Each structure stands twice: as C-alpha cells, then as structure tokens.
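The chain contents come next:
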Amino acid sequence: HPQINYDKKFITMQEIEITGYQIRAARGALNWSVGDLAERCGVGTATIVRYETSVGIPATRMGNLVKIQRALEAAGIEFIGTPDEAPGIRIHAKPK
C-alpha cells in the first residue's frame with residue numbers, strides 16, 4: 001500500500017468553517033476593534049475587513065482564517081453551527 005502523507009496545515013484550514021458574520025460578531029462581543037484583532041492574530045486589518053464583509057466562508061490563504069479563529073477562541077469565543085445552518089457564537093469571556 002502506498003503511504004499517504006497528509007498536509008496537516010491544509011487539512012486544518014479546510015476544517016475551519018467560520019463565516020465573516022461570525023468573525024464580526026465575535027469581535028463585537030469582545031469589544032475589539034479591527035486593529036485589536038489584527039494585533040492579536042497577526043493578520044492585516046484590510047484582510048480582516050475583507051473577511052468580515054464576505055458572505056459565507058471567506059476565501060483565505062496562508063492560514064489567516066485559522067489565526068483569526070484561534071485568537072478569538074483564546075479570548076473565550078466558541079463558534080457554533082455551520083456556515084449553512086445557524087452559524088453563531090457563544091461568549092465565554094467578559095468583554096474588555
């Protein structure tokens with residue numbers, strides 16, 4: 001049997017299914033500006049704005065969506081639902 005080498009970063013990126021609306025809602029729930037999120041995740045502000053205004057799952061590269069999701073989750077945000085069915089957030093942290 002041939003050995004299959006999976007690119008774990010690629011697989012992880014494909015599993016991330018958060019929408020622009022969820023990113024914007026999460027940022028708002030934390031009372032973070034676009035600049036605050038950019039500083040915490042290392043993704044540029046223009047990219048974040050583009051993602052937030054996307055309908056559905058933003059087109060992404062270089063792991064940017066993963067970086068954004070991890071920064072928001074580290075601050076207490078839980079992403080729930082699917083992009084097609086009731087996408088939303090749960091807040092496990094108090095806004096700062």
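Rules used throughout
Residues numbered from 1 in each chain as written. Predicted model: local features only at pLDDT ≥ 70, side-chain atom pairs only at ≥ 80, totals over all residues. Heavy atoms only, no water. Buried < 20%, exposed > 50% of the residue type's maximum accessible area, 1.4 Å probe, protein only. Helix = DSSP H or I, 4+ residues; strand = E, 2+ residues; numbered from the N terminus. Salt bridge = Lys/Arg side-chain N within 4 Å of Asp/Glu carboxyl O.

Chemist: Break down helix α5 (residues 64–74) for me, with residues and values.
Modeler: Listed in full, the buried residues belonging to α5 are Asn64, Leu65, Val66, Ile68, Gln69, Ala71 and Leu72. Phi turns positive one or two residues past the end of α5, at Gly76, with a value near 110°.

Chemist: I'd like a description of the pattern of salt bridges, backed by residues and values.
Modeler: In this structure the tally under the stated criterion is two salt bridges. Between Arg27 and Glu52 there is a salt bridge, and its shortest N-O distance comes to 2.6 Å. Within this pair, whereas Arg27 is found in helix α2 (residues 20–29), its partner Glu52 is found in helix α4 (residues 45–52), the two being separated by 25 residues in sequence. For Glu52, a relative accessible area of 5% corresponds to the buried category. Measuring nitrogen to oxygen at the nearest pair gives 3.1 Å for the salt bridge that ties Arg90 to Glu78. Of this pair, Arg90 sits in strand β2 (residues 85–91) while Glu78 sits in strand β1 (residues 77–82), and the two are 12 residues apart along the sequence.

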